[in-house]
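Chain residues, written in single-letter form:
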Amino acid sequence: MFSIIIPTYNNLEYLKITLNSIFKNSNFKHDIIVHINEGIDSSLDYIKSKNIEFTYSKKNIGLCSAVNKAAKKSKTDYVLYSHDDMYFCPGWDICLINEVKQLKTEKFYLSASMIEQRSGHIQFDAGDTFNNFDENKLLSNLDNIKYFDFQGSHWAPHLIHKKIWDEVGGFSEEFNPGMGSDPDLNMKLWQNGVRIFKGLSNFKVYHFGSISLRKKKDLIVNNGSKTFLKKWKITPKFFTKHYLRGGTFKNNKIISINYNGPVDEPIKNFSYFFDLIKCKIKLLQILLSKKKSTKY
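One structure accompanies this document, and this report is about it.

Turning our attention to the pattern of salt bridges. Taken as a whole and assessed by the stated rule, the structure comprises 14 salt bridges. A salt bridge links lysine 231 to aspartate 184; the shortest N-O distance between them is 3.0 Å. In this pair, lysine 231 is assigned in helix 9 (residues 224-232) and aspartate 184 in helix 7 (residues 181-191), connecting sequence segments 47 residues apart. The class for lysine 231 is partly exposed, based on a relative accessible area of 32%. Connected through salt bridges with shared partners, the residues Glu53, Lys73 and Lys75 form a single ionic network.

And the structure:
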C-alpha cells in the first residue's frame, strides 16, 4: 500500500519501537525503506537481519538527502515519511486508506495527530524514552484519547502521492541536516497546486520527541527558518498561518483548528500585510548583515 521512509541516525532502540509498531498495528502490508546514517549502533546489522530494505551512508548525509535517497526505492503510489522515534497506533493505515479513497485526487498532504508526553496535539504520558515506554498503558487508553481532524500540518509523519513527491523533487537538500525542510516541502506542494493539508484524528502516533536532537548535543543543526525566508521571502510562521491556516503553539502545546476543507489563496487583510512587513524587515536584516560581512 504505502512506502514508509524512515531515516535513522544511530537510534536503534527507538527504531525498533517504530518498526515493531508498524508490523504489529498495520492492517495492510507496506514497503518499509530505512536509510541508515552511519549505523555505528548496529542498526545496519539489525535491518539486514530483519530483511528490511534500506539505503546506507557511511557518514550522516542529513535528513533531506537520506529521505530522498530511500524514496528512490519506493515501489508504491504513496510515500509516507516518518521519524525513527514514532510508535504507530492501531488503525493508522485504515484511517489513511479510507481518507485517500474519499479524496479522489492525488494532490493532498495528510499528517498524523501527535501524542507526546509534554507537548504535541495530545498530551499523554506513556514514557519519554525507550526504557520507560509503556505500550500497554498507551493502547489501553487509546480509545479515550480523542482529537479531531485539523487544518494545516504537523509535518511528519505525512503521506504524499508518489507522483506529486517526484514532481516537487522530494525534500530540498539545501535544508540539510533537516530543520525547515517540512514547511519548505509544503510550500513546494502549494506551488504544485496542492490545497488539501489535513491532519487526521485517527492517524495517531506516539512521539518520543526529536530524540536525535536531544541525545546528540554535538549534532550540527541548520537555521531552517533563515533558509526558508531567503528562498520564499516569507517566514515559515507566516506560511503556516496565512497559507496553511494551521494552528499555533501555546504553553508547548499545539492549538489546532478544525479542518474545514481545502485552503485557497491567503486572505490579504490587515494581519496579512502586517505580518508580511515583518517578514520583509527580517529578510532585509539578513541581506544587510551578509553585505556587511562580505565587505569586511
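On to the side chain of threonine 55. As for its placement among the helices and strands, threonine 55 is situated in strand 3 (residues 53-57). Given a relative accessible area of 7%, threonine 55 falls into the buried group. Discounting chain neighbours no more than four positions away, the residues touching threonine 55 are Val34, His35, Ile36, Lys69, Ala70 and Lys73.

The geometry of helix 7 relative to helix 9 is characterised by a closest axis approach of 10 Å and an angle of 25° between their N-to-C directions. What the angle tells us is that helix 7 and helix 9 run roughly parallel. Packed against helix 7, whose contacting residues are Pro183, Asp184, Met187, Lys188 and Gln191, the element helix 9 presents Phe228, Lys231 and Trp232 at the interface.

What follows covers helix 4 (residues 92-103). Under the 1.5 Å per step criterion, the end-to-end length of helix 4 is 17 Å for twelve residues, consistent within 8% with the ideal 16 Å. When helix 4 is considered as a whole, its buried residues turn out to be Trp92, Asp93, Cys95, Leu96, Ile97, Glu99 and Val100. One or two steps after helix 4, the chain reaches lysine 104, where phi turns positive at roughly 55°.

A few words now on unusual backbone geometry. Trans peptide bonds make up the majority, and among non-glycine residues the majority have a negative phi. Of the consecutive residues alanine 156 and proline 157, the connecting peptide bond is found in the cis state with omega at -5°. Among the secondary structure elements, proline 157 is positioned in the loop between strand 8 (150-151) and strand 9 (158-161). A cis amide bond, omega 5°, links asparagine 176 with the succeeding residue proline 177. By secondary structure assignment, the location of proline 177 is in the loop between helix 6 (162-168) and helix 7. Within the chain, asparagine 10 stands out as a residue other than glycine whose phi angle is a positive 50°.

A separate point is the packing of aromatic side chains. Counted by the stated rule, this structure contains 24 aromatic pairs. Look at phenylalanine 2 and tyrosine 78: their rings are 5.9 Å apart centre to centre, the planes differ by 85°, and that puts the pair in the edge-to-face class. Of the two residues, phenylalanine 2 sits in the segment before strand 1 (3-9) while tyrosine 78 sits in strand 4 (residues 78-81), which places them 76 residues apart along the sequence. On the basis of relative accessibility, which here comes to 1%, the residue phenylalanine 2 falls in the buried class. Given a relative accessible area of 18%, tyrosine 78 falls into the buried group. Between phenylalanine 133 and tyrosine 206, the aromatic rings sit 5.7 Å apart at their centres with planes inclined by 35°, giving tilted as the arrangement.

Rules used in this analysis
- Residues numbered from 1 in each chain as written.
- Predicted model: local features only at pLDDT ≥ 70, side-chain atom pairs only at ≥ 80, totals over all residues.
- Heavy atoms only, no water.
- Salt bridge = Lys/Arg side-chain N within 4 Å of Asp/Glu carboxyl O.
- Helix = DSSP H or I, 4+ residues; strand = E, 2+ residues; numbered from the N terminus.
- Buried < 20%, exposed > 50% of the residue type's maximum accessible area, 1.4 Å probe, protein only.
- Contact = heavy atoms within 4.5 Å.
- Axes fitted to C-alpha atoms, helices over the stretch in contact; angles between N-to-C directions.
- Parallel < 35°, antiparallel > 145°, perpendicular 65-115°, else oblique.
- Expected span 1.5 Å × (residues − 1).
- Phe/Tyr/Trp six-rings, centres within 6.5 Å; stacked < 30°, edge-to-face > 60°.

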